[in-house]
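Coordinate inspection notes
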Amino acid sequence: TAIRREDYSPPAWEVPQIALDFALDPADTRVRAALTVTRSSPHDMPLVLDGAGQMPLSVKVDGVAVNDWRIEGEQLVVPLTGDHHVVETEVSIAPESNTQLMGLYASGGNLCTQCEAEGFRRITWFPDRPDVLSVYRVRMTADRRRYPVLLANGDPVASGENDDGTHWAEWHDPFPKPSYLFALVAGDLAVNASTFTTMSGREVRLGIWVRAADLAKTDHALHALKLSMAWDERVYGREYDLDVFNIVAVDDFNFGAMENKGLNIFNSRYILADPDTATDYDYDAVAAVVAHEYFHNWSGNRITCRDWFQLSLKEGFTVYRDQCFSADQGSAAVKRIEDVRGLRASQFPEDSGPLAHPVRPESYIEISNFYTATIYNKGAELIRMMATMLGPVRFRAATDLYFDRFDGTAATCEDFVACMEEAGGIDLSQFRLWYSQAGTPRVSAGLSHEPGGGRAELRLAQHVPATPGQSVKQPMLLPLKVRLFGAETGRPLTDERLILLDQVAETITFESVTERPVLSINRGFSAPIVVESDRTAEDLAFLSAHDDDPFARYEAMQQLMLDTLVAGTIHGEVKGQAVIDAVTRTLEAEGLELAFLAEAVLLPSENFIGDQLVTVDPDAIHAARETLRTQLGRALLPTWRRLYAELAQGRYVYSPEAKGRRRLRNVALGYIAASGAEDAAALAFAQFEAADNMTDRQAALTTLVSSDAPEREDALAHFHARYAGNGLVLDKWFQTQALSSRSDTGAVVERLAQHPDFTLANPNRARALLGAFGVNQRAFNAADGSGYRFLAEQLIALDRLNPQTAAKLLPPLGRWRRFDAKRSGLMRAELVRIVETPGLSKDLFEQASKSLD
Ligand code: ARG
Ligand code: ZN
């Protein structure tokens, strides 16, 4: 049954305080909870508490055992007569058999929690909704040797030892918070400790807790944490508010990390990094996720969400904040390119598929399914558009107003927009459609110019495609940054203009346009839309060489490549000369960052090409893309070889400059291999063996894994042996093979699922193999349906252990409308099989049934 946004009503009972007492044990943890409850308004409703599975061992009201409580569905109903009471419950839970990894569970011998969104109800009885804010006091008792470290939210208050080999600790969090932010950790952990002095001069004790053997891999995360704390003070005026800030890394985790107040818990892949095991991409991701979770302390914890329909209030804003933080650490242009590529790879398909939903959804069956690219990444684009329209000064005034007005409360997306409007002095009524209308707007742009007359006209028209449940759409407010360039001189003909397109169609006039203009539009990707322009290959090549906005310059090249590849897919012949010329010119241009060059010369992915076509033909797309890669490899072979030689570095260093060199050099290696050069495999294998860092080693492995070279098996075997026992690196071993462009990848992946190192119990491992396979368009969509069958079987098995992770991996099967009748039928059959599986979770049921329609 679906939960609907319009059914929201405020809580009948508040819980200003809760005291929790945990007797921790993997098989039988006793949880005693004492809730101070207050009737929130005159009414005669009983107290209703959420639980999941557990029976209460006892219920007391004001210290006296009662038996007039009842269980209704998954809720405990306790009749209460007065307006203030203390309600106590006790339950028993078994963290060691918790395979869902929600609530209290065991990972690597330690105990930890995950409560967002609805995991707290698996720990104790409570009104498990984000608008009930309580002050938490937590006491834990556990075996001293097995669990020497006991952590919870807030500040440590007291600790001690008992005679029976156990010890205890008490923590107190003075900031009222919703239950989803509760956390505790008990384990055998070592700490990388440091301090940070806030802008008002308070000293905060920082700690990153990991298993002792991993301690050496935590410096990068600790450094990123300090940078984040300073950045939030400088850019948003936000200071940290407790005396301690702890982060714990665990290996078994359903997603990236969790912003629990004062005690963030992380998937270890977003904490642990050293040059031998983490790529440059991993280093960036560690810093971005550390920043993201830290920034939640204000955008999420101090101000939380009224209900889960408002999830993007904290996630969209916090993603925007972490994107800006990362942009400030290195190349802002490359960061924007990466973010847009991510949006197109994960959010655009969501918006055009069966699971499309607005940034503020209207209903859900299982809230875990709404931790999506739409809520996170499109949500971030909404904040970015408002920031663009307000400008930096008014945007800062608006966020100040928001933090000030809603501190300590559970707010809504509307509250945020109202602050933008009030402090920004603009009318956002039409802009609000971005929160309620799903689908990616499409804008067509046509530029005309009267040669003698000096006037140019830009005709813009918008269209928002229908999405499930929303057949009719209204025109939206789209902020489009636009500039014109002169085709002859290459110089800008106008300033950059911010056009606010708010009609279905509009014509914009530019005066004094003295030569033929070329249109640069949606610069910086100012709106998350698809632009359909009538720009020719010549115009695109021109912009890729002359545009002064680095994103627009990248975009022009991508569009040129995409047009070439789409035509090549349809006609079976790839005319690559324009792309070759443009890539040549870009590589010869002065003053471009190496990391930018690497991005600019990479071809769009097979999936993205597929997204442009009415019917996806995975083999034809693959063939066209490989052909263009080969053409680029051959035509520029001397250049790739020169770059490969010149960009070689001495000993590994981690800096934006060094990262750019590695990135471009590895792109060059890829093109040398694509050219078919005879020495390519030897070159890659030599790099694989000599590399003193994972970036170069993995890049070489990736090249070899897609080849038929004899070095392929050697490299895979060496890699596996070298990193035996290192789970995060073994994930790369599985993932690289699942992403291979070889024709036997489907069979290889099926074999890997039987490998002794493969397990569905660890989400990272499941994602490394199944998630990567699902986005390998050609392998997954094998014409005989074997890829579909394999994924469905794995998801049904995974669902029994971990429904959330299973549901996250389903979307590739929902693309069936995009393929030919035979593939569609095979995919649908697998979706039907999933939906009809007895005992299916609501998580997987919701995703599979919505995908069938
Ligand atoms: N709030 C966390 C973050 O974005 C993620 C929690 C995800 N929860 C879930 N049920 N998928 O930082
Ligand atoms: Zn988040």
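Residue indices begin from 1 for each chain and proceed along its sequence in written order. Throughout, the order in which chains and ligands are written sets their labels, letters from A for the former and numbers from 1 for the latter. Owing to the predicted nature of the model, reporting of local features is limited to residues with pLDDT of at least 70; listing and counting of side-chain atom pairs is limited to 80 or more, with chain, interface and lining totals taken over all residues.

Defined as follows: UniProt positions are given in the numbering used here, feature names are shortened, and annotations may be inferred rather than shown by experiment.
With an unreviewed UniProt entry as reference, the protein is termed Aminopeptidase N, source organism Sphingomonas zeae. The record held by UniProt for the protein lists under Catalytic activity (unreviewed entry) the comment "Release of an N-terminal amino acid, Xaa-|-Yaa- from a peptide, amide or arylamide. Xaa is preferably Ala, but may be most amino acids including Pro (slow action). When a terminal hydrophobic residue is followed by a prolyl residue, the two may be released as an intact Xaa-Pro dipeptide." Within the UniProt record for the protein, the comment given under Cofactor (unreviewed entry) is "Zn(2+)".

**Description of the overall build of the protein**
In plain terms, the rule: Helix numbers and strand numbers start at the N terminus; a helix is a DSSP run of H or I with at least 4 residues, a strand a run of E with at least 2. C-alpha atoms define the radius of gyration, and 2.2 Å times the number of residues to the power 0.38 defines the globule rule. C-beta atoms are placed from the backbone for every residue, and two residues are taken to be in contact when these atoms lie within 7 Å.
Secondary structure assignment for the protein yields 26 helices and 31 strands. Taken against the 2.2 N^0.38 rule, which gives 29 Å for 853 residues, the C-alpha radius of gyration of the protein at 28 Å falls within 12% of a compact globule. Counting contacts in the protein only where the partners sit at least 6 residues apart, residues at least 24 apart contribute 69% of the total.

**Observations regarding the environment of threonine 141**
Inspection of the secondary structure puts threonine 141 in strand 12 (residues 134-143). Measuring from C-alpha to C-alpha, the distance between threonine 141 and alanine 674 comes to 60 Å, with 533 residues separating the pair along the chain. Residues contacting threonine 141, with those up to four places away along its chain left out, are Phe22, Ala23, Leu24, Thr166 and Trp168.

**A few points about the sheet that holds strand 25 (residues 442-449)**
Heads up, the rule is: A pair of strands is treated as paired once DSSP finds two or more bridges between them. In this analysis an axis means a line fitted to C-alpha atoms, helices contributing only their contacting stretch, and an angle means the value between N-to-C directions, from 0 to 180 degrees.
The four strands are arranged 29-26-25-31 in an open sheet whose pairing can be described as mixed. One side of each edge strand has no neighbouring strand; the edge strands of this open sheet are strand 29 (505-510) and strand 31 (530-533). Taking each pair of neighbouring strands and ignoring which way they run, the sheet shows an average axis angle of 25 degrees. The sheet contact formed by strand 26 (residues 456-463) and strand 29 spans six bridges and is antiparallel. In the strand pairing of strand 29, alanine 456 is matched with phenylalanine 510.

**Re the UniProt feature "domain: Peptidase M1 membrane alanine aminopeptidase" (unreviewed entry) in the protein**
With numbering aligned to this structure, UniProt lists the feature "domain: Peptidase M1 membrane alanine aminopeptidase" (unreviewed entry) at residues 221-431. Taken end to end, residues 221-431 is 55% helix and 9% strand, and its first and last C-alpha atoms sit 37 Å apart.

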